[in-house]
Amino acid sequence: MPDPTLTVPRQGRITGAPDAVAWCLHVLAAPDAKLRRAIIELSEGQTVLGRRPGAAGLTLQIDDPALSRGQVALSVKPGAATVTAQDLDSRNGTWVDGQRVPTADLMPGAVLRVGDTVLVLERNDRRHAAHALPTAAVPGVSVRARAMRAALAAASQDDLPVLLRGESGSGKELAAAEIHRLAARRGPFVRLNVTAVPESLFESEMFGHARGAFTGAVTAAPGRFREAHGGTLVLDEVGDLPLPLQAKLLRVLEDGVVRPVGGQVDVRVDVKVVASTHVDLEVAVAQGRFRLDLLARLRAHEVELAPLRDRRVDLLALADAVLPSISLGVASWTDAFDADSVEALACHGWRDNLRGLRGALARLIAATATVPIGLDALPQPLKPAVPDVPPFPLPPAAAADETRKPRSEATAAAPTLHVLSRSPPKAELESLLVRCNGNVKDVATALGRDRKQVYRWLAAVGIGQAELAAWRQDPRDADRG
């Protein structure tokens, strides 16, 4: 794994009190592989970011051919809740959360795209420094990741119950396993989805039963609490447990004893209980759907797991954790995606969180033979919507030539603006070549991109110098396949 602690520039590093705050840019994608996963700390005042930023003010040079000499100015004011980004009339523009902006106030978590470099802004409060190293259960180097690792470590230090809260797919199973690992309990790790147990069998499933206790009980059974003796018992989706069954958990959580169904003697158990839920239990209590006394017992420790949309900094580290990319021939998903794909993934809402991320990666592995993975290879739900915008304005020479063409040709297949500075589809490039008589400079002007970038796009879709020459001679007769 690349070193996640690289910090550039060093003049921006904050020293002093551990609770000092620094604004940081985490690099998710960059042409320079050494810069990927780097952490750029922004000093107070203005930092000019670009390929060759000017001498005025602080500067940050990034080796990215798609950047302008001075691309964007980032301004940090003491105590401010945002960072102001001002585009410096760059040729490719500055993009925030998938939208081109001349200026914007960036909130923590904003996805900043400049050239082929993708960064995520974070407000680093320097807390939980002792938990900076990623773990298998909670990868990543973000503030959220450190806070979750610290909370899980604290929850593992005693035998009191733990309540894991978070949206569906946010990693509660991994967090429960991490608590068991950190607690170093000698007993087993036992999981049970309490909503999958029929109400009539709940006590038997939880506390066990004696032989002959009911019809079908031909042998005695220990139940999940005794099965987890000396270890950890995870009660998944406890917030959906029917109200009549909730009271049955109160005694074991309070006294640590169970009585099997049909048994005559209480049995003491040593179990670390970890309950998980996606339900807002305070609301459920107010609505009469969850017992307040049960909530009080379960939340001796409480850990909130952040949704994936709030962990954009750790997106690629989480991808490596949920499904390794080794089958694609790369050691990390950081090396598998191009900048357009990384930007699209970072801007996606991820309603299903880590579960949705794993599913998307599995589909990519099944369908993708080569890397880097471009935007076209992403599953459709991950592709950003293309807004309905006017066609590109033509350069003066091309516009004059447009009036001399037949109406059917002049109005055919007007291209639409690509949202993330990504490569336009082949049909769009061909349409522009027709309208510009094969003049790549005019195509670049229409796209608002550098001519070298347009040549790279053309080469990627199989349009070389021979095809361009044919377009210049007679674009209507050229082979456009």
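Check the entry above for the structure.
Residues numbered from 1 in each chain as written. Predicted model: local features only at pLDDT ≥ 70, side-chain atom pairs only at ≥ 80, totals over all residues. Heavy atoms only, no water.

The next thing to look at is the overall build of the protein. In terms of regular secondary structure, the protein is built from 17 helices and 18 strands. When burial is assessed residue by residue, the protein has 50% of its 481 residues classed as buried. A sequence separation of at least 24 residues applies to 64% of the contacts in the protein between residues at least 6 apart. Surface accessibility of the protein: about 22500 Å² in total, with carbon and sulfur atoms responsible for 53%. (Helix = DSSP H or I, 4+ residues; strand = E, 2+ residues; numbered from the N terminus. Buried < 20%, exposed > 50% of the residue type's maximum accessible area, 1.4 Å probe, protein only. Contact = heavy atoms within 4.5 Å. Areas by Shrake-Rupley, 256 points an atom, 1.4 Å probe, with all protein chains shown as cover.)

It is worth spelling out the environment of Val440 at this point. Looking at the element boundaries, Val440 is found in helix H15 (residues 440–447). Residues contacting Val440, with those up to four places away along its chain left out, are Arg451, Val454, Tyr455, Leu458, Leu468 and Arg472.

Under the criterion given, the structure shown has 3 cavities of 30 Å³ or more. One number sums up the size of the second largest cavity: a volume of about 90 Å³. Lining the second largest cavity are 14 residues, and of these Ala137, Val138, Ser170, Gly171 and Arg311 sit closest to its centre. Elements supplying a minimum of two residues to the lining of the second largest cavity: helix H2 (172–183) and helix H9 (315–322). The element contributing the most residues to the lining of the second largest cavity is H9, with 3 residues. Here the residues of the lining of the second largest cavity sort into 11 nonpolar, 2 polar and 1 charged. (1 Å grid on protein atoms, 1.4 Å probe; cavity = no way out; pocket = protein on both sides within 12 Å on 5 of 7 lines; lining within 4 Å. Points joined across faces, edges and corners; volume = space filled by probe spheres on them. Nonpolar A, V, L, I, M, F, W, Y, C, P; charged D, E, K, R; others polar.)

This next bit is on the sheet that holds strand E18 (residues 301–304). Pairing is parallel across the open sheet formed by 5 strands, whose spatial order is E13-E14-E17-E12-E18. Both edges of this open sheet fall to strand E13 (189–193) and E18, since each of them pairs with a single strand only. Across this sheet, the average inter-strand angle for adjacent strands is 20°, counted without regard to direction. Relative to strand E17 (residues 272–277), strand E12 (residues 162–165) runs parallel, the two being bridged by 4 bridges. (Pairing = 2+ DSSP bridges. Axes fitted to C-alpha atoms, helices over the stretch in contact; angles between N-to-C directions.)

Take the environment of Leu74 next. For Leu74, the location among the structural elements is in strand E5 (residues 72–76). Assessed through its relative accessible area of 1%, Leu74 is described here as buried. Considered as a pair, Leu74 and Ser43 are 31 residues apart in the sequence and their alpha carbons are 9.6 Å apart. Those residues within four positions of Leu74 in sequence are excluded, and the remaining contacts are Leu25, Leu42, Gly45, Gln46, Thr47, Val83, Thr84, Ala85 and Leu112.

To continue, consider unusual backbone geometry. Both trends apply: most residues other than glycine have a negative phi, and most peptide bonds are in trans. The omega angle of the peptide bond from Val371 to Pro372 is 5°, so this bond is cis rather than trans. Relative to the helices and strands, Pro372 is located in the loop between helix H11 (353–367) and helix H12 (396–402). Of note in the backbone geometry, Trp350 takes a positive phi value of approximately 50° without being a glycine. Residue placement: Trp350 occurs in the loop between helix H10 (339–347) and H11. By relative accessible area, Trp350 is classed as buried at 4%. Non-glycine residue Asn437 carries a positive phi angle of around 55°. Take Asn437: its relative accessible area is 27%, and that puts it in the partly exposed class.

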